[in-house]
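Architecture at a glance
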Amino acid sequence: MAARKSSKKPNVSVEELLSYYRDMLLIRRFEEKAGQLYGMGLIGGFCHLYIGQEAVVVGLEAAAAEGDKRVTSYRDHGHMIACGMDAAGVMAELTGREGGYSKGKGGSMHMFSKEKHFYGGHGIVGAQVPIGAGLALADKYLENGRVTFTYFGDGAANQGQIYETFNMAALWQLPIIFVIENNQYAMGTSQKRSTSTPEIYTRGAAFGIPGEAVDGMDVLAVKAAGEKAVAHSRAGDGPYILEIKTYRYRGHSMSDPAKYRTREEVQKMREERDPIEQIREVLLTGKHATDAELKAIDKEVKDSINAAAEFAKESPEPAEYELWTDIYADA
């Protein structure tokens, strides 16, 4: 059966649009549930929610191929779910349970999946960027045609190790895509107050790295930019920078009351630029789905997230001997 085409993007089928809608909804419902569990004391330590930024990872995963890698910072739950990691395993890890991806020992900020080529969440600001270059260097050495998506934020973009990595990536023509998730605020400091250049991606010009700014609230725009970047890096032309301009609705972490911006600013973004609502509108106005069909997707997503939360609650805490496991990896 031939795929139906959407009216907004002639190369995107309605089936794909529905999958993007579902994936973004899955991330949002997951994060909302994680926020609830944190409030109940079931998630310890830090918890950084991805609500509002869903179009970034869903759009880029739509441009990725099997075997491509991804590495990011501590705001990482959305990246895990978008690359296909099971919500139950992620939730169990957040709650420190044995059924989690890192056996309950990594928590929100440090979990991995070799199967899905997800190389972390990293707690040190910007530290994942040189790690991403190392992953890309390995792929170049192996000549396997893979690329690495290396995510960091607008705040991390001011770290020195970012530019050391830019230099090496350009010098060695590494197959790496630097993804700047510019959500406008580095913890509580706006980009305007912390960054000397209004367009962060232009900093790659000093190293000969091409790049562009992307509307991060539009999943189709992100996908299109991702495909362009992937084609560049996969062809052997070296690194590419995507500055994806997005917005987080919640505070930096669950302990952040976010008093550095007005409630009206957040509400305006929710009402006018929400990435999930934009796709929902495309589906409804194009008569590609009915309101009832989209509500059914929402119910199915909510049910799966509730089941993930129950799995996490029922999974036991890791045994004490697990303190001595997974310290070293077999090379």
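Quick note: structure is the one above.
So, here is what we can say about the structure in this document. Being a predicted model, the structure only gives us computed values, none of them experimental.

Right, let's talk about the side chain of aspartate 256 for a bit. Relative to the elements of secondary structure, aspartate 256 occurs in the loop between strand 7 (240–245) and helix 9 (263–273). Within the buried core, aspartate 256 has no salt-bridge partner, and the shortest N-O distance to an opposite charge, that of arginine 248, equals 4.3 Å. Of note is the side chain of aspartate 256, whose polar atom sits 2.6 Å from the backbone nitrogen of histidine 252. Looking at aspartate 256, its side chain comes within polar contact range of the main-chain nitrogen of alanine 258, at 2.8 Å. What aspartate 256 contacts, discounting residues up to four positions off in sequence, is Met187, Arg248 and Gly251.

The next point concerns the pairing of strand 6 (residues 211–215). Of the two faces of strand 6, the one lined by Glu212 and Val214 is fully buried and the one lined by Gly211, Ala213 and Asp215 carries no buried residue. As judged from the five bridges shared by strand 6 and strand 7, these two strands associate in the parallel manner. Note on strand 7: the bridge partner recorded for alanine 213 is glutamate 243. The parallel pair strand 6 and strand 7 is bridged by helix 8 (residues 219–234), and the resulting crossover is right-handed.

Calculation criteria
Residues numbered from 1 in each chain as written. Predicted model: local features only at pLDDT ≥ 70, side-chain atom pairs only at ≥ 80, totals over all residues. Heavy atoms only, no water. Helix = DSSP H or I, 4+ residues; strand = E, 2+ residues; numbered from the N terminus. Buried < 20%, exposed > 50% of the residue type's maximum accessible area, 1.4 Å probe, protein only. Lys, Arg positive; Asp, Glu negative; His and termini not counted. Salt bridge = Lys/Arg side-chain N within 4 Å of Asp/Glu carboxyl O. Polar contact = N/O pair within 3.5 Å; in protein donor to acceptor, adjacent residues only side chain to side chain. Contact = heavy atoms within 4.5 Å. Pairing = 2+ DSSP bridges. Right-handed = clockwise from strand over helix to strand, strands pointing away.

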